[in-house]
Amino acid sequence: QNSNASDRWAAITFALRSFASSTTTRLSMSFDETSWNGTAGEVKDDSAYGLDGVAVGGATTANTTPVSSANPGTCRYGSYSGNGQYVEIANNPAVNISTQLTVTAWIYLKSTPSELQTIVSKDTNYEFHIDNGRHVYWWWNVSSGNQRSITTTNTISLNAWHHIAVTDRKSVVK
């Protein structure tokens, strides 16, 4: 894909883990399905929870700009325009994590968003975005009910893959 493509960003993997049970990943999506068409359960969760999702708004998969083109390289990835395209999973208590957690994702940003570009959101629990300055913005609601947020000072460069990880351990965010 080139920088003139209509999709704004892509994600190759997404994982969510609670430190309360650090050996158990709560959600792990590789986005390597051949295609998506809006069918329930089409976006597979590789975790033991099986929280398969659905592509919404025309989100699709691609493999023309892999993280690694070597053999074995990387598989497909999700591609999103930023205009109402996303992957949705049903609400499940397994992803309601209000204490210690890690969220990771590989992302490829093709253009600077004009507003927050959501990478993952659990609405009133936690959110992970790229802002209009191409910074990672993390917001979460801690177990006490207090809200916190951080914004990185480093910017996400365009047209390159980036691995982003946010870890919250006893309210020390890295």
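Here, the structure is the one placed above.
Presented here is an overview of the structure given in this document. (Residues numbered from 1 in each chain as written. Predicted model: local features only at pLDDT ≥ 70, side-chain atom pairs only at ≥ 80, totals over all residues. Heavy atoms only, no water.)

## A word on unusual backbone geometry
The phi dihedral of F31 is positive, around 55 degrees, even though this residue is not glycine. Structurally, F31 is set in the loop between β2 (25–29) and β3 (54–56). Although it is not a glycine, N159 adopts a positive phi angle of roughly 60 degrees. Mapped onto the elements, N159 comes out in the loop between β11 (147–151) and β12 (161–169). (Helix = DSSP H or I, 4+ residues; strand = E, 2+ residues; numbered from the N terminus.)

## So, the sheet that holds strand β10 (residues 136–141)
Taken in spatial order, the 4 strands line up as β8-β9-β10-β11 in an open sheet, and their pairing is antiparallel. Looking at the sheet topology across the chains shown, the edges are occupied by β8 (117–121) and β11. Each strand axis lies, on average, 15 degrees off the axis of its neighbour in the sheet, ignoring direction. The pairing of strand β9 (residues 126–130) with β10 spans 5 bridges and is antiparallel. Across the sheet, F128 pairs through a bridge with W138, a residue of β10. (Pairing = 2+ DSSP bridges. Axes fitted to C-alpha atoms, helices over the stretch in contact; angles between N-to-C directions.)

## Observations regarding the pairing of β9
Burial within β9 is extensive, with 5 of its 5 residues counted as buried. Burial along β9 is two-sided: the face carrying Y126, F128 and I130 and the face carrying E127 and H129 are both buried. Where β8 lies against β9, 4 bridges are found, and the strand directions are antiparallel. When the sheet's bridge partners are listed, T118 is paired in β9 with H129. Between β9 and β10, which pair antiparallel in sequence order, lie 5 residues; one of them, R134, sits at a positive phi of approximately 65 degrees. (Buried < 20%, exposed > 50% of the residue type's maximum accessible area, 1.4 Å probe, protein only.)

## Things to note about the nonpolar core
Counting residues in hydrophobic clusters, the biggest one holds 30 residues, and the most contacted among them are L16, F128, I130 and W138. Broken down by secondary-structure element, the contributors of at least two residues to this core are β2, β7 (101–109), β8, β9, β10 and β12. Counting residues per element, this core draws most heavily on β7, at 5 residues. When near neighbours in sequence (up to four residues on either side) are disregarded, L16 contacts T25, R26, L27, V95, I97, L101, T102, V103 and Y126. (Core = buried A, V, L, I, M, F, W, Y, C linked by side-chain atoms within 4.5 Å. Contact = heavy atoms within 4.5 Å.)

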